[in-house]
Amino acid sequence: MAHFLSKNVEGIGCDTCAAAMGLVQKEALQNEKQLEGLLDEVCTTLPVDQTTCDDTVNGMFEALISLFESYKAEELCQMVGLCPSLLETLMGPGPVALGQLGQTGAAAPNSMLGEDHSCQNGPAYWCASPENAKKCQMEEFCKKESPIVF
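Because the structure is predicted, anything quoted here is derived from the model rather than measured.

A. Structural context of the packing of helix H2 (residues 32-45) against helix H3 (residues 50-70). Packing of H2 against H3 brings their axes to within 9 Å, and their N-to-C directions diverge by 155 degrees. One way to sum up the angle between H2 and H3 is to call them roughly antiparallel. As for the relative orientation of H2 and H3, their crossing is right-handed in sense. Side by side, H2 and H3 meet where Glu32, Leu35, Glu36, Leu39, Asp40, Cys43 and Thr44 of the first sit next to Gln50, Cys53, Asp54, Val57, Asn58, Phe61, Ile65 and Glu69 of the second. Of the residues contributing to the contact of H2 with H3, the split by class is seven nonpolar, three polar and five charged.

Have a look at this one:
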């Protein structure tokens, strides 16, 4: 579910997410009626079918409130991928299959990093030239990480 988040939030961390989520939960549950009133006004400002919009917005709000009532803040952060689940914490990362695309060394004995001129070689290859960045579709990354090349 973390892939639904529009910004890169990987660096936020579990504690920060849980604190923020707890605050949002508290405020939403304490101010549920006021929020419902504000959401009722949303559809009147949009050029859409009023009834369909009201039903959709109210249904989504009810589902959100239900989530807030049913789960702890840390559990909600687990749902969006910012906190590890207890099972993940206890078990660690899952097994890695050998021979997957992009692996080098013992994991992929038939290929070596840097052996070919491909996008699989990562940032050192992508940002070596504007042509490589374009070929690998990493222009924005290289502009931020290696501005000298651009």
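Alright, that's what it looks like, and here's the rest.
B. Representation of the packing of aromatic side chains in the model. Evaluation of the coordinates by the stated rule reveals one aromatic pair. Plain terms: the ring middles of Trp126 and Phe141 are 5.5 Å apart, the flat faces sit at 85 degrees to each other, and that makes the pair edge-to-face. One end of the pair, Trp126, is in helix H6 (residues 123-126); the other, Phe141, is in helix H8 (residues 139-145), and 15 residues separate them in sequence. On the basis of relative accessible area, Trp126 is assigned to the buried category, the value being 17%. Judged by its relative accessible area of 29%, Phe141 falls in the partly exposed class.

C. Representation of the state of the cysteines within the structure. By the definition in use, this model includes five disulfides. Each disulfide pairs two cysteine sulfurs, and for Cys119 the partner residue is Cys136, the sulfurs being separated by 2.0 Å. Its S-S torsion of approximately -90 degrees makes the covalent link between Cys119 and Cys136 left-handed. With Cys119 in the loop between helix H5 (86-91) and H6 and Cys136 in the loop between helix H7 (130-135) and H8, this pair connects stretches of sequence that are 17 residues apart. You can call Cys119 partly exposed: its relative accessible area is 26%. Here Cys136 falls in the buried class, since its relative accessible area comes to 12%. The disulfide partner of Cys127 is Cys142, and the gap between their sulfur atoms is 2.0 Å. One quick way to see it: the torsion about the S-S bond of Cys127 and Cys142 is about -90 degrees, and its sign makes the bridge left-handed. One end of the pair, Cys127, is in the loop between H6 and H7; the other, Cys142, is in helix H8, and 15 residues separate them in sequence.

Scoring rules and cut-offs
Residues numbered from 1 in each chain as written. Predicted model: local features only at pLDDT ≥ 70, side-chain atom pairs only at ≥ 80, totals over all residues. Heavy atoms only, no water. Axes fitted to C-alpha atoms, helices over the stretch in contact; angles between N-to-C directions. Helix = DSSP H or I, 4+ residues; strand = E, 2+ residues; numbered from the N terminus. Parallel < 35°, antiparallel > 145°, perpendicular 65-115°, else oblique. Left-handed = near helix turned anticlockwise from the far one by under 90°. Contact = heavy atoms within 4.5 Å. Nonpolar A, V, L, I, M, F, W, Y, C, P; charged D, E, K, R; others polar. Phe/Tyr/Trp six-rings, centres within 6.5 Å; stacked < 30°, edge-to-face > 60°. Buried < 20%, exposed > 50% of the residue type's maximum accessible area, 1.4 Å probe, protein only. Disulfide = S-S within 2.5 Å.

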